[in-house]
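Coordinate analysis (summary)
The primary structure of each chain is shown beneath.
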Amino acid sequence: MRNLMLSVSCLLGGTLLLAQSGSEQDDVEPVFTTVCKIGETKIENADDSRYAGIREPNAIMTDQGTLVVVFGPHDQDAKNDRAHQDLICRTSNDNGTSWSPARRIMDYGMESLLPTTLIYDSEKSRIVLLVNVIFNAPEREDRLGVKTPCEHYVLFSEDEGESWTNPKSILEDEPGICVFGGGHGIQLQHGNYAGRLIVPGGVGPNGSIQGVFFSDDHGENWAFSKNGRIGNTEATACELKDGTILFQWREQKSQFGVRTCTSKDGGITVGELSMALPDVWAGCNNSLLSIKAGDKNAVLYTGPLGPENADKYILEKQAGTLKVGSEDSRQTARSNGGAFISTD
């Protein structure tokens, strides 16, 4: 199977693109394919005429080489969390050349399904999907008196994304929002916690209490560790070769600076916070991936370019040579943003 690096992006006008790069050569551009375009892509099982845009895309590749993308079309302003967002799935068996029919896999009436995250469980060869449901009536209070209450669910696919189980309730002691990720979660492969499913994120008002969602029974039951502040909402994680977990998160206040921390105990506690790329816009939807850069283990950081660079992109071609935090990377980030690779 090819070692693909995947990135999914929502564009204005309701188009969902998937970019993939699977070569270590420095002259290969990523391949972009359209996963869904609102108004043109037929969505099964849904009144797709009401959809106005797309939010919260997630992509994983299974051990069988199937690309699985889950995303949320909505019928209101994309900036509104209560935009009546459903969940749609498409799969590809030929690296995105063709796609299965787009089909709705979950809806909750006029409530909104977000945030969401995908994890691939390689030990079970199944896909795990975590879903937070936001109720759309702000004045509603649940039995614990929490305003804007939420519910939380897990779904599974045992057949490469072709079908999904009914939603199963999880984290019932967390009545407020659970910010799962943004983007994909991971399954630990090394050390004492191998097999654990990890999703960084937050709970409470606006996800303001940061930590790690984790499962040691392949996603059937979940817990949340509040023992370490990872940062702000919408966090992402990758595993290093020694089992250390590297976290990075969205920076909502200053908007700039890639902040990281690590965990040596499977995500239960985290170490000191540090700054890696101070000049990179990190205001939303950032991602970390553990990859191979030549013969070295490496970490790939990717993120949006920021509101002033929305019409630009860059694929950094110096794989394995660019150091996170180096002056070269800061200069690149200042003018373009994009993707950065560290082999430290």
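Rules of the game
Residues numbered from 1 in each chain as written. Predicted model: local features only at pLDDT ≥ 70, side-chain atom pairs only at ≥ 80, totals over all residues. Heavy atoms only, no water. Pairing = 2+ DSSP bridges. Helix = DSSP H or I, 4+ residues; strand = E, 2+ residues; numbered from the N terminus. Core = buried A, V, L, I, M, F, W, Y, C linked by side-chain atoms within 4.5 Å. Buried < 20%, exposed > 50% of the residue type's maximum accessible area, 1.4 Å probe, protein only. Phe/Tyr/Trp six-rings, centres within 6.5 Å; stacked < 30°, edge-to-face > 60°. Polar contact = N/O pair within 3.5 Å; in protein donor to acceptor, adjacent residues only side chain to side chain. Contact = heavy atoms within 4.5 Å. Salt bridge = Lys/Arg side-chain N within 4 Å of Asp/Glu carboxyl O.

Spatially, S4-S8-S7-S6-S5 is the arrangement adopted by the five strands of the open sheet, whose pairing is mixed. The open sheet has two free edges, formed respectively by strand S4 (43-44) and strand S5 (53-61), since each of these has just one partner strand. Relative to strand S6 (residues 67-74), S5 runs antiparallel, the two sharing seven bridges. Counterpart to Ala59 in the pairing with S6 is Val69.

Moving on: the nonpolar core. By size, the foremost hydrophobic cluster in this structure holds 17 residues, and its most contacted members are Val70, Leu87, Met106, Leu129 and Trp164. With four residues, strand S10 (residues 126-134) is the single largest residue contributor to this core.

It is worth spelling out the sheet that holds strand S9 (residues 112-121) at this point. Pairing is antiparallel in the open sheet, where four strands are placed in the order S9-S10-S11-S12. The strands lining the two open edges of the sheet, one partner per strand, are S9 and strand S12 (168-169). Relative to strand S11 (residues 150-157), S10 runs antiparallel, the two being bridged by eight bridges. Across the sheet, residue Ile127 finds its bridge partner in S11, namely Ser157.

In this structure the tally under the stated criterion is four aromatic pairs. Seen in terms of ring centroids, Tyr108 and Phe135 are 5.8 Å apart; in terms of plane orientation they differ by 85°. Their pairing is edge-to-face. Of this pair, Tyr108 sits in the loop between strand S8 (102-106) and S9 while Phe135 sits in the loop between S10 and S11, and the two are 27 residues apart along the sequence. Classification of Tyr108 as partly exposed rests on a relative accessible area of 26%. Ring centres 4.6 Å apart and planes at 45° place the aromatic pair Phe213 and Phe224 in the tilted group. One end of the pair, Phe213, is in strand S16 (residues 209-215); the other, Phe224, is in strand S17 (residues 223-225), and 11 residues separate them in sequence. With respect to class, Phe213 is no different from Phe224; both count as buried. Ring-pair connections join several aromatic residues into one group, and the members of that group are Tyr108, Phe135 and Tyr153.

Moving on: the side chain of Asp86. On the secondary structure map, Asp86 appears in the loop between S6 and strand S7 (87-92). Owing to a relative accessible area of 0%, Asp86 belongs among the buried residues under this scheme. A polar atom in the side chain of Asp86 sits 2.6 Å from the side chain of Arg50. Residue contacts for Asp86: discarding those within four places in its chain leaves Arg50, Tyr51, Phe71, Gly72, Pro73, Arg104, Met106, Asp107, Gly109 and Leu113.

On to the pattern of salt bridges, then. Throughout the structure, instances matching the rule amount to 12 salt bridges. One salt bridge in this structure joins Arg50 and Asp75, with 3.1 Å as the shortest N-O distance. Within this pair, whereas Arg50 is found in the loop between S4 and S5, its partner Asp75 is found in the loop between S6 and S7, the two being separated by 25 residues in sequence. Note on Arg50: relative accessible area 24%, which makes it partly exposed.

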